[in-house]
Amino acid sequence: MTTTVNISPTSPLGVAEHTLFVCKTCASVWQDGKRLGESGGEKLLHQLQQLAQDWELRDQFPIQEVECMSACNRSCVVAFAAKGKLTYLFGDLSVDGSASAILQCASQYYGKANGLLPWSERPEALKKGILAKIPPLSQ
């Protein structure tokens, strides 16, 4: 049985209802207090942006880069957040090979009224490395 949830892509204020946050500082190489080259987070972000061009939820689930999500020892890090849903923070994601799993999991998250992502239903790349499951704000 398939359940379809009708979720408006934006709030009345024009703010996206769902967001995929991607830390662009993750897996950086530093020298003398300056980042050298492209970080792993930036590479993952670019892969996600590229794949999202053909993603059916690209307009309803924007990808937002974040300078730092303070999980540096668990990089690369992404988060799924939505109004009235659980927020998930995932870490230990590989730069190469996890982008499609992230979008697949984001699609699952989008389709759940409460955002609950059971371990058994998540793509393999997101079964481990969960850093936080944060309750939704009271409405």
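Going by the structure above, here's the rest.
Below, the structure is looked at part by part. Predicted model only: the values in this text are computed from it and were never measured. (Residues numbered from 1 in each chain as written. Predicted model: local features only at pLDDT ≥ 70, side-chain atom pairs only at ≥ 80, totals over all residues. Heavy atoms only, no water.)

With 35 residues, the main nonpolar core has L20, F61, F80 and I102 as its most contacted residues. Mapped onto this core, the elements with two or more residues apiece are β1 (18–23), α1 (40–52), β5 (78–82), β6 (87–90) and α2 (99–111). When residues of this core are assigned to their parent elements, the largest contribution, eight residues, is made by α2. If we skip the residues at most four places from it in the chain, L20 touches L48, F61, P62, I63, Q64, V78, A79, F80, I102 and L103. (Core = buried A, V, L, I, M, F, W, Y, C linked by side-chain atoms within 4.5 Å. Buried < 20%, exposed > 50% of the residue type's maximum accessible area, 1.4 Å probe, protein only. Helix = DSSP H or I, 4+ residues; strand = E, 2+ residues; numbered from the N terminus. Contact = heavy atoms within 4.5 Å.)

This part is about the sheet that holds strand β4 (residues 63–66). Paired through backbone hydrogen bonds, the strands of a sheet run either parallel or antiparallel to each other. Read from one edge to the other, the open sheet built from five strands follows the order β4-β1-β5-β6-β7, with strand pairing classed as mixed. Strand pairing shows two members of the sheet lacking a second neighbour, β4 and β7 (130–134), which therefore form its edges. For this sheet, the mean angle separating the axes of adjacent strands, direction not counted, is 15 degrees. Across five bridges, β1 lies against β5 in antiparallel orientation. Pairing of V22 across the sheet is with V78, part of β5. On top of the sheet, α2 reaches β1, β5 and β6; it is set at about 20 degrees to β5, its chief contact. (Pairing = 2+ DSSP bridges. Axes fitted to C-alpha atoms, helices over the stretch in contact; angles between N-to-C directions.)

Before going further, it helps to examine α1. Every α-helix carries 3.6 residues per turn, so stepping three or four residues along brings you back to the same face. Between its first and last C-alpha atoms α1 spans 18 Å; for 13 residues at 1.5 Å apiece the expected length is 18 Å, and the two agree. Looking only at α1, the buried set comprises G40, G41, E42, L44, L45, L48 and A52. Buried residues along α1 sit against β1, β3 (34–36), β4, β5 and α2. (Expected span 1.5 Å × (residues − 1).)

Attention now moves to the pairing of β1. By the criterion of burial, β1 is predominantly enclosed, with five of the six residues buried. Relative to β4, β1 runs parallel, the two sharing four bridges. Across the sheet, V22 pairs through a bridge with E65, a residue of β4.

As a packed pair, α1 and α2 sit with axes 9 Å apart at the nearest point and diverge in direction by 60 degrees. Overall, the two elements α1 and α2 adopt an arrangement that is oblique. Remark: the crossing between α1 and α2 carries right-handed chirality. Facing α1, whose interface residues are L44, Q47, L48, L51 and A52, α2 presents A99, S100, I102 and L103. (Parallel < 35°, antiparallel > 145°, perpendicular 65-115°, else oblique. Left-handed = near helix turned anticlockwise from the far one by under 90°.)

Moving on: the environment of H18. Residue placement: H18 occurs in strand β1. A C-alpha to C-alpha distance of 7.0 Å links H18 and K83, two positions 65 residues apart in sequence. Of the polar contacts made by the side chain of H18, one reaches the side chain of K85; its length is 2.9 Å. (Polar contact = N/O pair within 3.5 Å; in protein donor to acceptor, adjacent residues only side chain to side chain.)

As a further point, take the environment of G84. By secondary structure assignment, the location of G84 is in the loop between β5 and β6. Each C-alpha atom of the pair G84 and N114 lies 6.9 Å from the other, and the pair is 30 residues apart in sequence.

Any functional reading would require information beyond the geometric quantities listed.
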